[in-house]
Amino acid sequence: MPRSAGRLYAPALGLVINESDPDSVAVGEYYIAARHVSPAQVLRVAVPIKNALTRDEFERLRNLIEVRFGPRIQALALAWTAPYAVECNSITGALALGFDAALCQNSCARSRQSAYFNSPSSRPLTDHSMRPSMLLAAGSVTAAKAMIDRGVAADGTLARTDRAPVTVLLLDTADGARAVRSALYPPAGSLPGLGIDVQRAPESALAAARRVLMVATGSANLNLTPPPDWVPGGLGDHLTSFGGDLLGGTGQSSALEWIASGATASHGAVSEPCNHLQKFPHPQVLLAHYVQGVTAIEAYWKSVAWPQQSLFIGEPLAAPFSKY
């Protein structure tokens, strides 16, 4: 694992608000106040309110973003829940890597490699010519504001080790196709000097776990009742086909359920990715970058090698391990 070269700060984050969506306006204004976002960092646009944009609709949005934001803006927060896809691409993947029309002919195929994967960089646009983005997505405006509050509250809270330990839960399931990521789980045990207890356990262990920092599992449907005992800045995701199809009614749990349970950020695929490990967060890479003090958007983006179908949601600037 490389040593992270600093982290992303609020002045390097651009905020995009959809003025066609009153919820987007409300969440965006709340985020401006919570993270002290300057007017120069905000783009107000009119985007169709639907699950997936067409390529033409997306290109208009992307052009507005490119015109508005200069080289200082290294990453983006999108203040909405939908749209979250561009045909078969995720909106976050397409904004960073460009739209990939060929992938829609076979969404299970290998997709574009991210140069940002496992990178030490804190300047993805400068160093890798891409702006990672994250949706401020939640089930309601109230839930989105609570998620933002958790992200702000997380900053620096785990930087000291003379505190109660936090838990990383690596869950095993009987779902063979979705359990493939268990091959990437780090070893169980305490991480010296970090105040982290890594546990490998069955799904039922989640309800009893305390001070949960991160959960990785493979399952089509989640059981998050009762909700986990999350610490602010908690990350949770599950390997399944449509975890990023937030409003699609696929019958599978979406990443929104992690946010509703109290997580601060999550990940899911918007179209059928098959179970390529490269299309989902690598648990060791995710954890190793996060504990170095980077933000949630950086840790999640650096953990996915092929993020074209990856939807990243949450409060992007949460940085519980940051010392400054």
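Our structure's up above, just so we're on the same page.
What counts, and at which threshold
- By convention here, each chain's residues receive numbers from 1 onward along its written sequence.
- In view of the model being predicted, local features appear only for residues whose pLDDT reaches at least 70, and side-chain atom pairs are presented and counted only at 80 or more, with totals across whole chains, interfaces and linings using the full set of residues.
- Side-chain measures here rest on the full set of heavy atoms in the structure, leaving out hydrogens and waters.
- Where helices and strands are cited, they refer to DSSP runs of H or I of at least four residues and of E of at least two residues respectively, numbered from the N terminus.
- For a compact globule the rule gives 2.2 Å times the number of residues to the power 0.38, and the radius of gyration it is set against comes from C-alpha atoms.
- We call a residue buried when its accessible area falls under 20% of the maximum for its residue type, exposed when it is over 50%, and partly exposed in between, using a 1.4 Å probe and counting protein chains only.
- The criterion used for residue contact is that any of the two residues' heavy atoms lie within 4.5 Å.
- Here, Shrake-Rupley sampling with a 1.4 Å probe gives the accessible areas, and only protein chains in the shown set may cover a residue.
- Charge convention: Lys and Arg are scored as positive, Asp and Glu as negative, and His as well as the terminal groups of each chain are ignored.
- Here the site of a charge means NZ on Lys, CZ on Arg, CG on Asp, or CD on Glu.
- Two cysteine sulfur atoms form a disulfide, by the criterion used here, when they sit within 2.5 Å.
- Nitrogen and oxygen atoms within 3.5 Å of one another constitute a polar contact, given that in protein one can donate a hydrogen and the other can accept it, and given that sequence-neighbouring residues count only through two side-chain atoms.
- We define a nonpolar core as any set of buried Ala, Val, Leu, Ile, Met, Phe, Trp, Tyr and Cys residues linked to one another through side-chain atoms lying within 4.5 Å.
- Strand pairing is defined by DSSP finding a minimum of two bridges between the two strands.
- Under the pairing criterion, centres of Phe, Tyr and Trp rings, with the six-membered ring standing for Trp, must be within 6.5 Å; the plane angle then separates stacked pairs below 30 degrees from edge-to-face pairs above 60, leaving the rest tilted.
- What counts as a salt bridge is simple: a side-chain nitrogen of Lys or Arg found within 4 Å of a carboxyl oxygen of Asp or Glu.
- Note on method: axes are straight lines fitted to C-alpha atoms, helices fitted across the in-contact stretch only, with angles between N-to-C directions ranging 0 to 180 degrees.
- Note that the term roughly parallel is reserved for angles under 35 degrees, roughly antiparallel for angles over 145, roughly perpendicular for angles of 65 to 115, and oblique for everything else.
- Left-handed describes a crossing whose near helix is turned anticlockwise from the far helix through less than a right angle; right-handed describes the clockwise counterpart.
- Ten residue types, Ala, Val, Leu, Ile, Met, Phe, Trp, Tyr, Cys and Pro, are classed as nonpolar, four, Asp, Glu, Lys and Arg, as charged, and the remainder, Gly among them, as polar.

A. Summary view of the overall build of the chain. Per the secondary structure count, the chain includes eight helices and 14 strands. For 324 residues, the compact-globule estimate of 2.2 N^0.38 gives 20 Å, and the C-alpha radius of gyration of the chain, at 18 Å, lies within 12% of that figure. Its C-alpha atoms put the chain at 50 × 45 × 35 Å along the principal axes. Residues counted as buried form 58% of the 324 residues belonging to the chain. The long-range fraction of contacts in the chain, counting pairs at least 24 apart against all pairs at least 6 apart in sequence, stands at 76%. As presented, the chain carries roughly 11900 Å² of accessible surface, and 54% of it is formed by carbon and sulfur atoms. Taking the 26 positively charged and 25 negatively charged side chains of the chain as two groups, their mean positions are separated by 7 Å.

B. Geometry of the state of the cysteines. What the rule picks out here adds up to two disulfides. Each sulfur in the disulfide pair Cys88 and Cys104 lies 2.3 Å from the other. Every disulfide takes its handedness from the sign of the S-S torsion; for Cys88 and Cys104 that torsion is -95°, giving left-handed. Taken together, the residues Cys88 in the loop between strand E5 (85-86) and strand E6 (89-90) and Cys104 in the loop between helix H3 (91-97) and helix H4 (124-128) connect sequence positions 16 residues apart.

C. Broad picture of the side chain of Thr167. The topology assignment puts Thr167 in strand E8 (residues 166-172). Polar side-chain contacts of Thr167 include one of 2.9 Å to the backbone oxygen of Arg210.

D. Up close: the environment of Asp56. Positionally, Asp56 belongs in helix H2 (residues 55-68). Note on Asp56: relative accessible area 55%, which makes it exposed. In sequence terms Asp56 and Val86 are 30 residues apart; their C-alpha atoms lie 9.5 Å from each other.

E. Molecular detail of the nonpolar core. Counting 83 residues, the largest nonpolar core has Leu15, Ile91 and Leu213 as its most contacted members. Not counting residues up to four positions away in its chain, the partners in contact with Leu15 are Gly28, Tyr31, Ile32, Val37, Gln41, Val42, Leu43, Phe69, Ala77, Ala79 and Leu136. Membership of the second largest hydrophobic core comes to 12 residues, among which are Ala201, Val212, Trp230 and Ala263.

F. Seen up close, the sheet that holds E6. Taking strand neighbours across the sheet as the criterion, the three strands line up as E3-E5-E6 in an open arrangement whose pairing is mixed. Strands at the two margins of the open sheet, each flanked by one partner only, are strand E3 (52-53) and E6. For E5 and E6, the ladder comprises two bridges, and the chain directions are antiparallel. Residue pairing in the sheet places Ala85 in a bridge with Ser90 of E6.

G. Quick peek at the packing of aromatic side chains. Applying the stated criterion to the full structure yields five aromatic pairs. Both rings, one in Trp230 and one in Trp258, keep their centres 6.2 Å apart while their planes meet at 75°; by these two values the pair is edge-to-face. Pair noted here: Trp230 is in strand E12 (residues 230-238) and Trp258 is in helix H6 (residues 256-261), with a separation of 28 residues, a long-range link. Here Trp230 falls in the buried class, since its relative accessible area comes to 12%. On the accessibility criterion, Trp258 (0% relative accessible area) is buried.

H. Representation of the pattern of salt bridges within the structure. Enumeration according to the criterion identifies 11 salt bridges in this entry. Linking Arg131 and Glu66 is a salt bridge whose minimum nitrogen-to-oxygen distance equals 3.4 Å. In this pair, Arg131 is assigned in the loop between H4 and strand E7 (133-135) and Glu66 in helix H2, connecting sequence segments 65 residues apart. Given the relative accessible area of 45%, Glu66 is considered partly exposed. What emerges from the salt-bridge pattern is a single network uniting Arg35, Asp155 and Glu315.

I. How the structure looks around the pairing of strand E14 (residues 310-314). Across the five residues that make up E14, a large majority, five, are buried. By the alternation rule, side chains of E14 split into Ser310, Phe312 and Gly314 and Leu311 and Ile313, which are all buried.

J. Structural context of the side chain of Thr81. Here Thr81 lies in the loop between strand E4 (75-78) and E5. At a separation of 3.0 Å, a polar atom in the side chain of Thr81 contacts the main-chain carbonyl oxygen of Ala138.

K. Focus on the packing of helix H1 (residues 22-35) against helix H5 (residues 141-154). It is the contact of H1 with H5, at a shortest axis distance of 10 Å, that shows an interaxial angle of 20°. Taken together, H1 and H5 sit at an angle that is classed as roughly parallel. H5 is crossed by H1, and the crossing has right-handed handedness. Of H5, the residues touching H1 (which contributes Asp23, Ala26, Val27, Tyr30, Tyr31, Ala34 and Arg35) are Val141, Ala144, Lys145, Ile148, Asp149, Gly151 and Val152. Of the residues assigned to the contact of H1 with H5, the class counts are nine nonpolar, one polar and four charged.

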